Structure formats: structure tokens, C-alpha cells
Amino acid sequence: MPEPAFSQHPTHGEAPPGDPRIFHHSFPATAMAVRDALRSALARFIRVMTEEEAGTLELILAEVLNNIVEHSYHNSAKGHVTLSIVRDKRGLSCSVSDDGIALPSSCFCPDARANCDRPDPESLPEGGFGWFLIRDLATDLGYHRHEGRNLFAFRLPIAPLHERRSN
């Protein structure tokens with residue numbers, strides 16, 4: 001059976017005024033495709049975010065997407081990832097799905113601030129602090145595995161559009 005074709009470019013159009021801005025992008029599970037997805041996602045929302053918010057979004061997405069490529073697919077490039085982001089009144093709602101291996105329960109603690117101990121950064125392997133960064137920077141985290149697919153969702157709170165200063 002042939003491999004499905006994936007969009008190398010995000011599918012997004014200009015949203016009518018007042019409508020949420022939507023970004024949807026499916027890509028192969030490779031490091032280069034992650035870089036392209038990050039660049040496309042940031043380009044889509046850069047006009048509705050501060051520089052700090054854009055940096056936070058990039059950091060969170062880079063951690064999540066690179067973890068999928070490295071751990072869920074073991075850098076095999078066999079599989080795909082789908083990233084969806086919606087800009088609404090409360091910020092950016094992000095979801096990432098893949099059909100790689102399940103996220104280990106040790107990575108995701110739904111009530112991270114209350115129930116998960118933060119390890120000493122010196123004791124972690126390289127890159128082992130990523131999940132703590134994600135939990136510290138994002139809100140409304142959720143993970144679900146269904147019929148062989150992982151779905152990870154989070155929100156990045158950003159100021160409402162009407163509160164933005166004109167440049």
C-alpha cells in the first residue's frame with residue numbers, strides 16, 4: 001500500500017474578521033519537517049502575538065514535536081504528525097496527533113503542579129526537562145490514546161486580539 005501524501009504546506013486561508021484563526025498541518029515525522037512546521041505555525045500567528053508569546057509557542061511546539069519524532073517514532077521517519085492550532089478569545093488551542101508509540105504515563109501528569117515532583121535538572125539526561133517546561137508554560141494539558149493514535153492538546157493563553165496595541 002503506498003504511503004499517504006502529506007501536505008508540505010499548511011492548509012490555512014485568511015480568516016474573515018472576527019473568526020478564529022486556524023492552522024492545520026500534517027507532515028512526516030522527521031526533524032526537518034518539524035522545523036518547517038514550526039516556521040509555518042509561527043508565520044501564521046506572528047501578527048497576533050507578542051515576541052514573548054511567539055517564543056513560548058515555539059519552545060512548547062519544538063519540545064512536543066521533537067519528542068514525537070525522537071521517542072514515538074524513534075527517529076525512523078515512518079509515520080506522520082498532525083498539528084492544529086486555533087486562535088480564539090482565550091489564546092491558542094493546540095493539538096498534536098500521531099500514530100507512534102503511546103506516551104509513557106511517567107511523562108504526563110495531569111495535575112503536574114500539585115502531584116509531580118520536579119527533579120533536579122542536573123540529574124536528568126540531556127533534554128529530560130522538556131515535559132516540565134511544557135507543563136510550566138502551557139495550560140489545559142490533555143493526552144488521550146485511541147485506536148493506535150496519540151492526541152496531545154494544550155492551550156497557550158495569550159491576550160485577546162482587541163487588547164493588542166497597534167504598531
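Residues numbered from 1 in each chain as written. Predicted model: local features only at pLDDT ≥ 70, side-chain atom pairs only at ≥ 80, totals over all residues. Heavy atoms only, no water.

Remarks on the nonpolar core
Formed by 36 residues in total, the largest nonpolar core has its most connected members in Met 49, Leu 61, Leu 65, Leu 83, Ile 85 and Leu 92. For this core, the secondary-structure elements that each account for two or more residues are strand S1 (21-28), helix H1 (31-45), helix H2 (51-72), strand S2 (80-88), strand S3 (91-98), helix H4 (130-137) and strand S5 (149-156). Aside from chain neighbours lying at most four places away, what touches Leu 61 is Leu 38, Ala 41, Asn 66, Leu 83, Ile 85 and Phe 154. (Core = buried A, V, L, I, M, F, W, Y, C linked by side-chain atoms within 4.5 Å. Buried < 20%, exposed > 50% of the residue type's maximum accessible area, 1.4 Å probe, protein only. Helix = DSSP H or I, 4+ residues; strand = E, 2+ residues; numbered from the N terminus. Contact = heavy atoms within 4.5 Å.)

Comments concerning the environment of Ile 68
Structurally, Ile 68 can be placed in helix H2. Here Ile 68 falls in the buried class, since its relative accessible area comes to 9%.

Remarks on the pairing of S2
Among the nine residues in S2, seven count as buried, and that is most of the element. Bridge count between S1 and S2: eight bridges; the pairing is antiparallel. By the bridge assignment, Ile 22 is partnered in S2 with Val 86. Pairing analysis gives eight bridges linking S2 to S3, with the strands arranged antiparallel. The residue bridging Ile 85 from the neighbouring strand is Cys 94, located in S3. Hairpin connection from S2 to S3: two residues lie between these consecutive antiparallel strands. (Pairing = 2+ DSSP bridges.)

Some words on H2
Between its first and last C-alpha, H2 extends 30 Å over 22 residues, near the 32 Å set by a 1.5 Å rise per residue. Residue His 74 follows H2 closely and has a positive phi angle near 50°. (Expected span 1.5 Å × (residues − 1).)

Some remarks on the pairing of strand S4 (residues 139-146)
Two faces belong to every sheet, and in a regular strand the side chains alternate between them. Where S4 and S5 come together, six bridges link them in antiparallel fashion. If you follow His 146 over to S5, its bridge partner there is Arg 149. Turn length for the S4-S5 hairpin, with the two strands adjacent in sequence and antiparallel, is two residues, and the turn residue Glu 147 shows positive phi of about 50°.

A word on the packing of H2 against H4
Where H2 contacts H4, the axes come no closer than 10 Å and their chain directions differ by 140°. The angle between H2 and H4 falls in the class oblique. Our pair here, H2 against H4, has a crossing hand that is left-handed. Across from Thr 56, Leu 59, Ile 60, Glu 63, Val 64 and Asn 67 in H2, the residues of H4 making contact are Gly 130, Trp 131, Leu 133, Ile 134 and Leu 137. Here the contact of H2 with H4 is built from residues that sort into seven nonpolar, three polar and one charged. (Axes fitted to C-alpha atoms, helices over the stretch in contact; angles between N-to-C directions. Parallel < 35°, antiparallel > 145°, perpendicular 65-115°, else oblique. Left-handed = near helix turned anticlockwise from the far one by under 90°. Nonpolar A, V, L, I, M, F, W, Y, C, P; charged D, E, K, R; others polar.)

Section: the packing of aromatic side chains
Evaluated as defined, the whole model comprises two aromatic pairs. Summarising the aromatic geometry, the rings of Trp 131 and Phe 152 are spaced 5.3 Å apart at their centres and angled 85° between planes, so their arrangement reads as edge-to-face. Highlighted residues: Trp 131 in helix H4 and Phe 152 in strand S5, separated in sequence by 21 residues. Both residues of the pair, Trp 131 and Phe 152, count as buried. On the basis of an interplanar angle of 40° and a centroid distance of 5.9 Å, the ring pair of Phe 152 and Phe 154 is categorised as tilted. The pair Phe 152 / Phe 154 is uniform in exposure class, with both members buried. Following the ring pairs from residue to residue traces out a cluster consisting of Trp 131, Phe 152 and Phe 154. (Phe/Tyr/Trp six-rings, centres within 6.5 Å; stacked < 30°, edge-to-face > 60°.)

Take it as geometry only, folks, not as evidence of what the structure does.
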